[in-house]
Amino acid sequence: MYGLLLESINEYIKEAYGESVWKLIRERALCPHHSFVTHQVYGEHEIPKIARAASEVTGIDLPDLMDAFGVTFVSFVGQYGYDRILRVLGRHVRDFLNGLDNLHEYLRFSYPKLQPPSFFCEEESSMGLTLHYRSRRRGFVHYVKGQLRQVGFLFYQTEISVEVLRETDHAEGLTHVVFRLYFNNKAFKINRHNFGNSCSDSLLPVRSDVFFEVFPFNVVFGEDMLIRRVGIGLQNIFEKLEGRRIEESFTLNRPLVKFTWENVLNHTNNLFELVSRLPIERTGLHGKNSVSDEGSGTLMHNKVHARKATRRRCPWFGLGVPSIENGYGNGDAAVGNGDQAAPLDTSLELMAFQTITGDAPEGFNTLANENDRCLTLKGQMMFMEDWKSVIFIGTPIMENLEQMFMTGLYINDLSMHDSSRDLVLAGTQQSAELKLALDQEQQKSSKLEESMRMLDVEMKKTDELLYQMIPKAVADRLRKGEASVETCEVFQEVTILFSDVVGFTKICSRITPMQVVSMLNSMYTLFDQLTEKHNVYKVETIGDAYMVVSGAPEKTRFHAHYVADMALDMLRSMKHLQDPSTGETLQIRIGIHTGAIVAGVIGITMPRYTVFGKDVTNASIIEKTGKGMHIHISETTKAHLEEEPYLLVERGTVTIKGKGEMKTYWLKEKVGDQTGEALDTPFLANSSENESDDGSRDSSRISSYNPVFSEDVIKKHRDAPNITIEEEVVQEKVELDSVT
């Protein structure tokens, strides 16, 4: 499958749903490609995988999505000039559909590995026709329907209605679909009228031998499928083809039907491709090979096996080195009729030929490739009423001049009245130019893919850093171009938590600055893990103060419950943290309040998502008037928790500036919560010293402030001067012992 089809889908999804949706679809489809090279071959399952992923992401039914892909493709190929081919494929819709099977033939030079479907029209009327679609790919029925409708609309201004009459999957992997196409088929009426009024003119008689010389690669066969006559071009390559069954000498590649008399008559509007069943052996300067009358025991068949046997015996076979066993360059003795073929070193002849044409590939592997020595003919089948036979008028198809030489053909064997000679000579030059251009394009594509992968890695790092500073929903709005002030929003009900370390100023006066950093890093790392666990947003930290909010920017009616659970886990986690100066466990105060806030991104330099409002101040006061290792909550928060299994104890009243007296409560525990540990603390286990002999975690050996160990800090800063911090004038803003 060529990248042209995939790139059209890429463009459609980006245009219809945006770059972010295309990225999500790629990830879900496990597609590593950001874009697709039009002339590069990709896996056959890429489109079905992308279509299924797109259906899951967008919620659109898979048939409708494949239909949209087909519609888009017809318009997309116009960017590469292929609309000019579609526009001139037929004068009317019926002409386009009757020539649809031949469309891919026109693209074979640009896309040599194309595996096209096959189309066949029948039951034509003034209201439409029946179209048979055969393909080795499954799941493209709706894709084809979209293409047919768009072609009618875009090139013929005709509305086409497509109905699936029958769909059959054959054992050999072939899908056969029968469509009924409904449209205004005016051309059918015109053609019937012209046919009825046509007059017969007297034509000049032409002898059959002249006819066969004009069309040198023709084959005439009857209803019994026996070959009656072949053109002079085939006579130069094969002998004794007459009298043999045509399906025994040639295989039918196109159309995708069985090679029978009835199928040939039904598909006379289709392009036929015949390939010789056995490779052609070049045994003389004129490339003439004989075929015996002994059925499958042909001279050609025997010579193939003789070459294989010689190739096994002589490692130099095919390289122009004489064989020891037979004395000839290729060991090419004829087998089967007792006659010795004329000794000819075709390898040396081919090397000389390639030197002149410049068409030599790497090595000489094509000498041993039997598929390259099979003759391919493409042309038209016509029923001759006078002969009661079908004549196949074809032209040999050659990939390059070397293949022509291998099959025993020469330029003068081709017809002069058509473009066969020009196509072979010009095609060889163009194929070399196209190969060079394609190689360069693929190199650029590979570099681009690698750059895009590296860009993805860096973008993920950037996103992670951005989402740590600004909530994802808000950051995505800013990326779309919204002003930062437009992200500000009023939240009528959220829950806010403040915490700080009891006696933090005294602790700082007794330890070094690096020990302070280590202590806060350990504590905040624990708290950060808890924010992810309990679905709350960390607003900021100032010194020892830690602030989180729930209900903004993502609204939830369980905001108070999330913050309450967070607070309880914060208290449990404190047993992992010690005061470096005394070795005792650190203590924190926690205050929680529920109310209204305004939240948004403020500033340009180092922007932050911040919350404002009187209830933010009230939450801070609730925290400052609390008690070490206690959770102090307001009456509004208590109203959200009293219906839930939380143990609440009335504390008393607190004076709130501008609001007066407020009744507050202690949050003791959550009834039925058996959680003994808050979270694992991997940052405390970065050193191998924290593991026991059997590799298990040993809490007694964990240093509380890893990755910066207190002992390491003391060693590094033994000579560092202590920082003297003045004692607070007021030890505590409220002495809890005096509170009633």
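As the structure is a computational prediction, the values presented were derived from the model and not from experiment.

**Examining the overall build of the protein**
Link 1 in the chain: Regarding its fold elements, the protein presents 23 helices and 18 strands.
Link 2 in the chain: Expressed as a percentage of the 740 residues in the protein, the buried residues total 45%.
Link 3 in the chain: Taking the contacts inside the protein whose residues are at least 6 apart along the sequence as the reference set, 63% of them involve residues at least 24 apart.
Link 4 in the chain: Only carbon and sulfur atoms are counted for the fraction: they give 53% of the accessible area of the protein, which is about 39,500 Å².

**Looking at a nonpolar patch on the surface**
Link 1 in the chain: On the surface, Val490, Val598, Ile602 and Phe612 cluster together into a nonpolar patch covering about 320 Å² of accessible area.
Link 2 in the chain: The residue Val598 is located in strand β14 (residues 588–602) in this model.

**Observations concerning the packing of helix α4 (residues 62–76) against helix α7 (residues 141–156)**
Link 1 in the chain: Remark: α4 packs on α7, axes separated minimally by 7 Å, with the N-to-C direction vectors making an angle of 40°. Classified by the angle between their axes, α4 and α7 sit oblique to one another. As for the relative orientation of α4 and α7, their crossing is right-handed in sense. Of the residues in α7, those in contact with Pro63, Met66, Asp67, Phe69, Gly70, Val71, Phe73, Val74 and Ser75 of α4 are His142, Tyr143, Lys145, Gly146, Gln147, Arg149, Gln150, Val151, Leu154 and Phe155.
Link 2 in the chain: For the contact of α4 with α7, the class distribution of residues is 10 nonpolar, 6 polar and 3 charged.

**Regarding the pattern of salt bridges**
Link 1 in the chain: A full pass over the atoms with the stated rule returns 28 salt bridges.
Link 2 in the chain: One salt bridge connects Glu56 with Arg28, and the closest N-O pair in it is separated by 3.6 Å. Of this pair, Glu56 sits in helix α3 (residues 46–58) while Arg28 is found in helix α2 (residues 19–28), placing the two residues 28 residues apart along the sequence.
Link 3 in the chain: We classify Glu56 as exposed; its relative accessible area is 53%.
Link 4 in the chain: Residue classification places Arg28 among the partly exposed positions, given a relative accessible area of 45%.
Link 5 in the chain: Between Asp528 and Lys538 there is a salt bridge; the shortest N-O distance is 3.1 Å. Here the residue Asp528 occupies a position in helix α19 (residues 513–534), and Lys538 occupies one in strand β12 (residues 537–542), the gap between them amounting to 10 residues.
Link 6 in the chain: The partly exposed category is assigned to Asp528, whose relative accessible area is 26%.
Link 7 in the chain: Accessibility expressed as a relative area gives 25% for Lys538, which makes it partly exposed.
Link 8 in the chain: If you follow the salt bridges from partner to partner, you end up with Asp463, Lys472, Asp476 and Arg479 in one network.

**Some words on the side chain of Asp569**
Link 1 in the chain: Take Asp569: it is sitting in helix α20 (residues 559–573).
Link 2 in the chain: In this structure the side chain of Asp569 is engaged in a polar contact, spanning 3.0 Å, whose partner is the side chain of Lys533.

**Section: the nonpolar core**
Link 1 in the chain: Residues Ile13, Ile50, Phe69, Leu97, Phe179 and Leu181 are the most contacted members of the largest nonpolar core, which totals 57 residues.
Link 2 in the chain: Excluding residues that lie within four positions of it along the chain, Ile13 makes contacts with Gly18, Trp22, Ile25, Ile50, Ala54 and Phe69.
Link 3 in the chain: Residues Phe527, Met574, Ile588 and Leu641 belong to the second largest nonpolar core, which totals 37 residues.

**Description of the environment of Phe527**
Link 1 in the chain: Examined against the element boundaries, Phe527 turns out to sit in helix α19.
Link 2 in the chain: Among residues more than four places away in sequence, those in contact with Phe527 are Ser499, Tyr546, Met566, Met570, Ser573, Met574 and Ile588.

**Considerations on the confidence of the model for the protein**
Link 1 in the chain: Mean pLDDT for the protein: 75, with 71% of residues reaching 70 or above.
Link 2 in the chain: Confidence drops under pLDDT 50 across residues 290–368; counting only partners more than four residues distant or on other chains, this segment forms 118 contacts.
Link 3 in the chain: Considering only residues more than four positions removed or in separate chains, one finds that residues 676–740, a stretch of pLDDT under 50, has 100 contacts.

**Some remarks on the packing of aromatic side chains**
Link 1 in the chain: Inspection of every chain in the model, using the stated rule, returns 15 aromatic pairs.
Link 2 in the chain: Arranged with centres 6.1 Å apart and planes meeting at 65°, the rings of Phe96 and Tyr156 form a pair that is edge-to-face. Residue Phe96 is found in helix α6 (residues 93–98), and its partner Tyr156 is found in helix α7; the two are separated by 60 residues along the sequence.
Link 3 in the chain: A residue is classified by how much of its surface remains accessible, and Phe96, at 3% relative accessible area, is buried.
Link 4 in the chain: Both rings, one in Phe119 and one in Tyr133, keep their centres 5.5 Å apart while their planes meet at 40°; by these two values the pair is tilted. Placement of the pair is Phe119 in strand β1 (residues 118–125) and Tyr133 in strand β2 (residues 128–135), with a sequence separation of 14 residues.

**Brief notes about the environment of His267**
Link 1 in the chain: As for its position among the elements, His267 is in the loop between α12 (261–266) and β8 (272–276).
Link 2 in the chain: Since its relative accessible area comes to 3%, His267 is described here as buried.
Link 3 in the chain: Taking C-alpha positions, His267 is 9.4 Å from Val257, a pair spaced 10 residues apart along the chain.
Link 4 in the chain: Apart from residues no more than four positions distant in its own chain, His267 is found in contact with Phe120, Arg134, Pro255, Val257 and Phe272.

**Here's the deal with the pairing of strand β6 (residues 227–230)**
Link 1 in the chain: Of the pairings in the sheet, the one linking strand β5 (residues 218–221) to β6 comprises 3 bridges and is antiparallel in character. When the bridges of β6 are listed, Val219 appears paired with Val230.
Link 2 in the chain: Two successive antiparallel strands, β5 and β6, enclose a turn made up of 5 residues, where Met225 displays a positive phi of approximately 65°.

Procedures and definitions
- Residues numbered from 1 in each chain as written.
- Predicted model: local features only at pLDDT ≥ 70, side-chain atom pairs only at ≥ 80, totals over all residues.
- Heavy atoms only, no water.
- Helix = DSSP H or I, 4+ residues; strand = E, 2+ residues; numbered from the N terminus.
- Buried < 20%, exposed > 50% of the residue type's maximum accessible area, 1.4 Å probe, protein only.
- Contact = heavy atoms within 4.5 Å.
- Areas by Shrake-Rupley, 256 points an atom, 1.4 Å probe, with all protein chains shown as cover.
- Patch = residues over 30% accessible without salt bridge, like charges linked within 9 Å, V, L, I, M, F, W, Y side chains within 5 Å.
- Salt bridge = Lys/Arg side-chain N within 4 Å of Asp/Glu carboxyl O.
- Axes fitted to C-alpha atoms, helices over the stretch in contact; angles between N-to-C directions.
- Parallel < 35°, antiparallel > 145°, perpendicular 65-115°, else oblique.
- Left-handed = near helix turned anticlockwise from the far one by under 90°.
- Nonpolar A, V, L, I, M, F, W, Y, C, P; charged D, E, K, R; others polar.
- Polar contact = N/O pair within 3.5 Å; in protein donor to acceptor, adjacent residues only side chain to side chain.
- Core = buried A, V, L, I, M, F, W, Y, C linked by side-chain atoms within 4.5 Å.
- pLDDT = per-residue confidence, 0-100.
- Phe/Tyr/Trp six-rings, centres within 6.5 Å; stacked < 30°, edge-to-face > 60°.
- Pairing = 2+ DSSP bridges.

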